[in-house]
Amino acid sequence: MEKLAPLLVGAHAGSAIIAGHYAGLWATLHEYPEQKWTIPELCEKAGCKERWVREWVGVLASAGVLKLEEGMIVSCDKDVVEALLPTSELLHFFTSLEFMADKEPQIGACFKKDGPLGVGYSDYPNFQDWMAEWSHCRNTNQNFPEGYMKMVEGGVHDALEKGIEVLEPGCGRGRHVMKVAQRYPNSKFTSFDIDSEALELNKVDTEKLGITNIDFVWGDFCNMKPEWANKFDYVMIFDCMHDLPHPAEAMKGLKGVLKDNGIVTMLDIDTSSDMVNQTKNPISAVLYNISLHHCMSVSLSSGGVGLGACWGVELAQKMLGEAGWEEGEVRVITKDIPNHAVYVMTKGNGLM
């Protein structure tokens, strides 16, 4: 019980943290940093009902997230509040619990030898929106896209400025490609996904934003279209390789869609393939749990290998080598983007 009690408290506190986000309470606390409040005062500023906020304070004061003093005076440390704003990736790791919480019976059934292979994409209707919000938060904090394109080097930024053909597999809700297309209007982008609904929503969004240099099409990363052979100067991949049913096939297809001189960049989670080593970092529990409930599950559900979010840099490099990328053609950038690794694969002379 000594080990389990803090985990139980944390699980329930996490749920209340999410509720506070949607109620606008963290935004109110941030507007008045380190102020001490009576509950009626906080409710007045946040536009909330007193009875609900009182119970919410009870949860988070018990967990040590909020401070509650005699006279029912509530406060919160500034750094805690800032970590729970939409601009913080930490908040989005909390909100990931939303698309997982009601899946426990289905996930549990998949463990059994006679159970389902996995829980599929269609069972996660909120995942694309969550991923889009997380991506937007990370990109804003990292000066994306220009900062990213300059970081990966290889002439990507300059080539995009002049105008090149770009492919984005697994575009989801299109948050990456829309930003890149807006920043580099001389380039032409083809973005594809297996989620037809997301693609239609992306088309509506680009029309509203006046973006005319993206073509959203249905496509399977593990089975590239023949007409894409030797067509693209640059392929950009964000957070999707480990979700695929057959990532080895996708990696093999990358060289085929590149022109004789081109570059691929692949952003993914920065972990070690050595689970014993990786689990020494407690935050890995979050990554493994998101993978258990989504990344690994959606891959297995379609008869895939179930690579999972924590496949690791070592395995990624090994698989790229097996897919035909020579050691001298692959660079790995870590540390520049928190919790992420960027793999840069160069064909021929690249874009220099």
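This text gives an overview of the structure that appears in the document. The structure presented is a predicted model; accordingly, all values stated were derived computationally and were not measured. (Residues numbered from 1 in each chain as written. Predicted model: local features only at pLDDT ≥ 70, side-chain atom pairs only at ≥ 80, totals over all residues. Heavy atoms only, no water.)

**Description of the pattern of salt bridges**
The cut-off we apply is this: For this document, the term salt bridge refers to a Lys or Arg side-chain nitrogen within 4 Å of an Asp or Glu carboxyl oxygen. To qualify as a helix, a DSSP run of H or I must reach at least 4 residues; to qualify as a strand, a run of E must reach at least 2; elements of each kind are numbered from the N terminus. Relative accessible area decides the class of each residue, using a 1.4 Å probe on protein chains only: under 20% of the type maximum gives buried, over 50% gives exposed, and in between gives partly exposed.
Under the criterion given, the structure shown has 16 salt bridges. The partner of glutamate 161 in a salt bridge is arginine 183, and the shortest N-O contact between them spans 3.0 Å. You can see glutamate 161 sitting in helix H11 (residues 156–162) and its partner arginine 183 sitting in helix H12 (residues 175–183), a full 22 residues away along the chain. Taking relative accessible area as the criterion, glutamate 161 reaches 32% and is therefore assigned partly exposed. Residue classification places arginine 183 among the partly exposed residues on the basis of a relative accessible area of 26%. A salt bridge links glutamate 322 to lysine 318, with the shortest nitrogen-to-oxygen separation between them at 2.7 Å. In this pair, glutamate 322 and lysine 318 both sit in helix H17 (residues 313–322), 4 residues apart, roughly one turn of the helix.

**Some points on the packing of helix H14 (residues 247–257) against H17**
Under the convention used in this document: Every axis in this analysis is a line fitted to C-alpha atoms, fitted for helices over the stretch in contact. Angles between the N-to-C directions lie between 0 and 180 degrees. Between 65 and 115 degrees an angle is taken as roughly perpendicular, under 35 as roughly parallel, over 145 as roughly antiparallel, and anywhere else as oblique. For any pair of crossing helices, the crossing counts as left-handed if the nearer helix is rotated counterclockwise from the farther one by less than a right angle, and right-handed if it is rotated clockwise. Contacts are residue-level and defined by heavy atoms, with any inter-residue pair within 4.5 Å sufficient.
Across the interface, H14 lies against H17 with an axial gap of 9 Å and an inter-helix angle of 55°. Considered as vectors, H14 and H17 are oriented oblique to each other. Note on packing geometry: the crossing formed by H14 with H17 is right-handed. Two secondary-structure elements touch here, H14 through Pro247, Ala248, Met251 and Lys252 and H17 through Met319, Leu320 and Glu322.

**Describing the environment of glutamate 133**
For glutamate 133, the location among the structural elements is in helix H9 (residues 127–141). We classify glutamate 133 as partly exposed; its relative accessible area is 42%.

**Section: the sheet that holds strand E1 (residues 37–38)**
As a reminder, the rule being used: Two strands are counted as paired when DSSP detects at least two bridges linking them.
What the 3 strands build is an open sheet, ordered E1-E3-E2; its pairing is antiparallel. Sheet topology places E1 and strand E2 (67–69) at the edges, where each strand pairs with a single neighbour. Of the strand pairs in this sheet, E2 and strand E3 (residues 73–75) are connected by 3 bridges, and their pairing is antiparallel. Note on E3: the bridge partner recorded for lysine 67 is serine 75.

**Side note on the sheet that holds strand E9 (residues 330–334)**
Pairing is mixed across the open sheet formed by 7 strands, whose spatial order is E6-E5-E4-E7-E8-E10-E9. With partners counted over all chains shown, the strands left at the sheet margins are strand E6 (214–218) and E9, one partner each. Here the strands of the sheet are splayed against their neighbours by 20° on average, with no regard to which way each runs. Where E9 and strand E10 (residues 340–347) come together, 5 bridges link them in antiparallel fashion. Considered in E10, the bridge of isoleucine 333 is made with valine 342.

**Topic: the pairing of strand E5 (residues 188–193)**
Selection rule: Clockwise travel from the first strand over the helix to the second, with the strands pointing away from the viewer, marks a crossover as right-handed.
For E5, a buried count of 5 out of 6 residues is recorded, marking the element as mostly surrounded by other parts of the structure. Two strands pair when backbone bridges link them, and strand E4 (residues 165–169) and E5 are joined in this way by 5 bridges, in the parallel orientation. Its bridge partner lying in E5, glutamate 165 is registered against lysine 188. After leaving E4, the chain enters H12 and then returns to the sheet as E5, a path that is right-handed. Here E5 pairs with E6 via 5 bridges, running parallel.

**Let's talk about the packing of aromatic side chains**
What counts, and what does not: In summary, the pairing rule links any two rings of Phe, Tyr or Trp, Trp by its six-membered ring, whose centres are within 6.5 Å, and it sorts them by plane angle into stacked for under 30 degrees, edge-to-face for over 60 and tilted for everything else. Both a distance and an angle decide whether a charge sits over a ring: NZ of Lys or CZ of Arg must be within 6 Å of the ring centre and within 35 degrees of the ring normal.
One pass over the full model with this rule turns up 14 aromatic pairs. Here phenylalanine 144 and tyrosine 148 contribute two aromatic rings whose centre-to-centre distance is 5.6 Å and whose plane-to-plane angle is 55°, an arrangement assigned as tilted. When sorted by exposure, phenylalanine 144 lands in the same class as tyrosine 148, which is buried. Pairwise contacts between aromatic rings join Phe93, Phe99, Tyr124, Phe127, Trp130 and Trp134 into one cluster. For lysine 103, the ring lying beneath its charged end belongs to tyrosine 124, and the centroid distance is 5.2 Å. A cation over a ring is seen here: arginine 138 above tryptophan 134, with NZ or CZ 5.2 Å from the ring centre.

**Here's the deal with a nonpolar patch on the surface**
Here is the rule we go by: Exposure above 30% relative accessible area and no salt bridge define the residues that can form patches, which grow by joining like charges within 9 Å and nonpolar side chains of Val, Leu, Ile, Met, Phe, Trp and Tyr within 5 Å. Areas reported here follow the Shrake-Rupley algorithm with a probe of radius 1.4 Å; residue values treat only the protein chains shown as occluding.
A contiguous nonpolar patch, built from Met1, Leu4 and Leu7 and spanning about 390 Å² of accessible area, is present on the exposed surface. Tracing the chain through its elements places methionine 1 in the segment before helix H1 (4–23).

**With respect to the side chain of serine 299**
Structurally, the position occupied by serine 299 is in helix H16 (residues 284–301). Setting aside anything within four residues of it in sequence, one finds serine 299 in contact with Asp243, Leu244, Pro245, Gly304, Val305, Gly306 and Leu307.

**A word on the packing of helix H8 (residues 104–111) against H16**
Using the following cut-off: Here the term charged refers only to Asp, Glu, Lys and Arg, the term nonpolar to Ala, Val, Leu, Ile, Met, Phe, Trp, Tyr, Cys and Pro, and the term polar to all other amino acids, Gly among them.
Between H8 and H16, whose axes approach to 11 Å, the crossing angle comes to 55°. Judged on the interaxial angle alone, H16 and H8 are oblique. The two elements H8 and H16 cross, and the hand of that crossing is left-handed. Contacts from Glu104, Ile107 and Phe111 of H8 reach H16 at Leu292, His293 and Ser297. The residue inventory of the contact of H8 with H16, partitioned by class, reads 3 nonpolar, 2 polar and 1 charged.

What is shown is where atoms sit, not what they do.
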